[in-house]
Amino acid sequence: MTNHIPDYISPEGRDLREYTDELRQNHAVVKNTFGEWVLLKHADVVAAASDHERFSSAVSRYLQIPNGLDGDEHTRYRKVIDRYLSEEMLKPYIPVFQKVATQLMIELPKGEILDAVSDIGAVFAVRAQCEWLGWPKELEPRLLKWMTDNHAATRSRNHKKMEIVAKQFDEIIRSIISQRRSDQAEESSDVVTQLCNDVSLGRRLSEPELISIMRNWTGGDLGSIALCVGVIVYEIAQKPILVEQLKAAKDSEVEAFIDEVLRIDDPFISNRRMTTCPVRISGHDIPSGAKIKLNWTSANRDESVFRDNNFCPERNRDTNLVYGVGKHACPGRLLATWELRIMLQTLLSSVQTIKLAPNQQVEREITPLGGFHRVPIVFS
């Protein structure tokens with residue numbers, strides 16, 4: 001009999017990782033109060049994420065390109081999107097991201113209490129994304145407010161609030177692409193203008209398609225980068241020796257460090273699927289049309305794969321699921337990896353120590369968000 005266990009943190013603010021660590025000892029699959037079958041084990045999550053026939057990604061009533069598409073339709077759109085997120089297309093932005101990070105570090109006050117999530121992660125994410133996409137700098141306050149509102153709506157699980165916030169973001173995107181779809185804008189080199197005039201599908205993308213892609217690139221990425229920064233900075237504040245070690249590390253070593261930190265404390269909690277036929281998972285018979293949750297946070301801590309969950313980037317690299325697996329794996333992995341590495345390297349080069357602020361509460365996020373809501377720190 002499948003246990004009926006909610007997949008949210010208790011009102012006391014219990015750590016989701018601790019919660020799923022306990023569940024996983026006795027359950028590979030649980031069914032939550034929303035009627036979703038939650039997969040907790042690494043093997044089951046990988047199997048479902050890689051089985052594109054029996055587990056459909058078309059789970060939303062809204063257009064979601066490319067992550068909400070299946071089959072050939074997904075392949076066609078993913079090919080378009082991957083080009084913009086390729087190493088060749090992103091490499092010119094490395095010095096741009098470095099400049100953004102350097103300027104932010106100059107602005108941050110030393111010796112004062114800062115929040116790693118909102119003061120560093122969120123601001124860097126907005127500025128880096130605006131530079132990459134060619135969005136006006138004047139949007140920064142509006143985007144930062146939207147991120148706060150979006151996280152609050154997500155925490156509330158109030159679908160009405162979430163819909164309102166989503167529409168607000170769509171309006172921001174609509175105002176931008178309306179300027180870039182004109183004939184006069186065709187020669188511009190910024191990413192949004194190129195996408196607006198892309199004819200890889202044999203035609204220009206429609207406004208709803210553009211909004212969906214932009215929402216996927218920015219709406220999700222802004223909040224994700226901010227949460228990742230919180231997790232990374234918290235880890236370093238807990239282990240001061242890491243400051244000097246990471247300063248001397250190669251780029252690849254810093255990236256491996258980031259990936260492993262995010263595996264152990266994965267802020268990307270879950271993705272949804274829907275079964276297209278009856279399936280059997282870890283002894284549970286799940287009917288066709290069932291809602292499935294791939295719990296990445298739990299899978300990334302599965303003892304059958306990661307043993308004692310000690311920090312070991314080399315050993316865990318090939319089984320790390322922070323960016324997903326299968327053809328729906330995150331197309332923005334390289335962009336996120338470079339942004340996080342550049343932010344971290346610039347931060348470390350600007351300070352001698354990173355400490356948790358005394359007498360201040362570190363606050364974890366609650367599902368469906370992961371990582372931290374607030375990480376108060378002090379630089380010297």
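Conventions we followed
Residues numbered from 1 in each chain as written. Predicted model: local features only at pLDDT ≥ 70, side-chain atom pairs only at ≥ 80, totals over all residues. Heavy atoms only, no water. Core = buried A, V, L, I, M, F, W, Y, C linked by side-chain atoms within 4.5 Å. Buried < 20%, exposed > 50% of the residue type's maximum accessible area, 1.4 Å probe, protein only. Helix = DSSP H or I, 4+ residues; strand = E, 2+ residues; numbered from the N terminus. Contact = heavy atoms within 4.5 Å. Phe/Tyr/Trp six-rings, centres within 6.5 Å; stacked < 30°, edge-to-face > 60°. Lys NZ or Arg CZ within 6 Å of the ring centre and 35° of its normal. Pairing = 2+ DSSP bridges. pLDDT = per-residue confidence, 0-100. Lys, Arg positive; Asp, Glu negative; His and termini not counted. Salt bridge = Lys/Arg side-chain N within 4 Å of Asp/Glu carboxyl O. Polar contact = N/O pair within 3.5 Å; in protein donor to acceptor, adjacent residues only side chain to side chain. Expected span 1.5 Å × (residues − 1). Axes fitted to C-alpha atoms, helices over the stretch in contact; angles between N-to-C directions. Parallel < 35°, antiparallel > 145°, perpendicular 65-115°, else oblique. Left-handed = near helix turned anticlockwise from the far one by under 90°. Nonpolar A, V, L, I, M, F, W, Y, C, P; charged D, E, K, R; others polar.

1. Structural notes on the nonpolar core
Thinking step 1. If you look at the biggest cluster of nonpolar residues, it comprises 86 residues, and the most contacted ones within it are Trp132, Trp135, Trp217, Ile236, Leu344 and Ile354.
Thinking step 2. Element by element, the count of residues in this core is highest for helix α10 (residues 207–238), at 15 residues.
Thinking step 3. For Leu344, the residues in contact, after removing those within four places along its chain, are Ile232, Ile236, Leu246, Val254, Phe257 and Ile258.
Thinking step 4. Within the second largest apolar cluster, 17 residues are counted, among which are Ala28, Leu39, Ala290 and Leu294.

2. A word on the packing of aromatic side chains
Thinking step 1. Tallying each qualifying case throughout the model produces seven aromatic pairs.
Thinking step 2. Taken together through their ring pairs, the aromatic side chains of Tyr84, Trp132 and Trp217 make up a single cluster.
Thinking step 3. The side chain of Arg83 reaches across the aromatic face of Tyr84, ending 4.6 Å from its centre.
Thinking step 4. Here the guanidinium or amino end of Arg263 rests over the ring plane of Phe306, the centre of that ring lying 4.2 Å away.

3. Comments concerning the environment of Arg24
Thinking step 1. Summarising the element assignment, Arg24 is placed in helix α1 (residues 16–26).
Thinking step 2. Taking C-alpha positions, Arg24 is 7.1 Å from Lys41, a pair spaced 17 residues apart along the chain.
Thinking step 3. Filtering out sequence-adjacent residues up to four positions away, Arg24 remains in contact with Leu40, Lys41, Ser298, Arg301, Asp302 and Glu303.

4. Digging into the sheet that holds strand β4 (residues 114–115)
Thinking step 1. One open sheet holds the three strands; their spatial order is β4-β12-β9, and the pairing between them is antiparallel. Pairing within the sheet leaves two strands with one partner each, and these edge strands are β4 and β9 (354–356).
Thinking step 2. For β4 and strand β12 (residues 376–379), the ladder comprises two bridges, and the chain directions are antiparallel. By the bridge assignment, Asp115 is partnered in β12 with Pro376.

5. A closer look at the confidence of the model for the protein
Thinking step 1. Taken over all residues, the pLDDT of the protein has a mean of 91, while the share at 70 or more is 94%.
Thinking step 2. In the model, residues 1–12 has pLDDT below 50 throughout and makes 38 contacts with residues more than four positions away in sequence or in other chains.

6. Some thoughts on the side chain of Asp266
Thinking step 1. Following the sequence through the fold, Asp266 ends up in the loop between α12 (251–264) and β5 (270–275).
Thinking step 2. Buried charge Asp266 goes without a salt bridge, the closest partner of opposite sign being Arg263 at 8.9 Å.
Thinking step 3. Within polar-contact distance, the side chain of Asp266 engages the backbone nitrogen of Phe268 at 2.9 Å.

7. Observations concerning helix α5 (residues 94–107)
Thinking step 1. The end-to-end C-alpha distance of α5 is 20 Å, a good match for the 20 Å that 14 residues give at a rise of 1.5 Å each.
Thinking step 2. Elements that come into contact with the buried residues of α5 comprise α4 (87–90), α6 (116–133) and α16 (333–350).

8. Side note on the packing of helix α7 (residues 140–156) against helix α8 (residues 159–180)
Thinking step 1. Relative to each other, α7 and α8 sit at 155°, their axes nearing to 8 Å. In this view, α7 runs roughly antiparallel relative to α8, as classed from their interaxial angle. When you trace α7 past α8, the crossing you get is left-handed. Between α7 and α8, the contacting residues are Arg142, Leu143, Trp146, Asp149, Asn150, Ala153, Thr154 and Ser156 on the first element and Lys161, Met162, Val165, Gln168, Phe169 and Ile172 on the second.
Thinking step 2. For the contact of α7 with α8, the residue count by class is seven nonpolar, four polar and three charged.

9. Details of unusual backbone geometry
The general pattern is negative phi for most residues beyond glycine and trans for most peptide bonds.
Thinking step 1. Note the cis peptide between Ile65 and Pro66, where omega equals 0°.
Thinking step 2. As for its placement among the helices and strands, Pro66 is situated in the loop between β3 (55–56) and α3 (71–84).
Thinking step 3. Its identity is not glycine, yet Ser282 carries a phi of approximately 45°, on the positive side.
Thinking step 4. By the element assignment, Ser282 lies in the loop between β6 (279–281) and β7 (284–286).
Thinking step 5. Although it is not a glycine, Arg307 sits at a positive phi angle of roughly 55°.
Thinking step 6. Residue position: Arg307 is located in the loop between α14 (303–306) and α15 (313–316).

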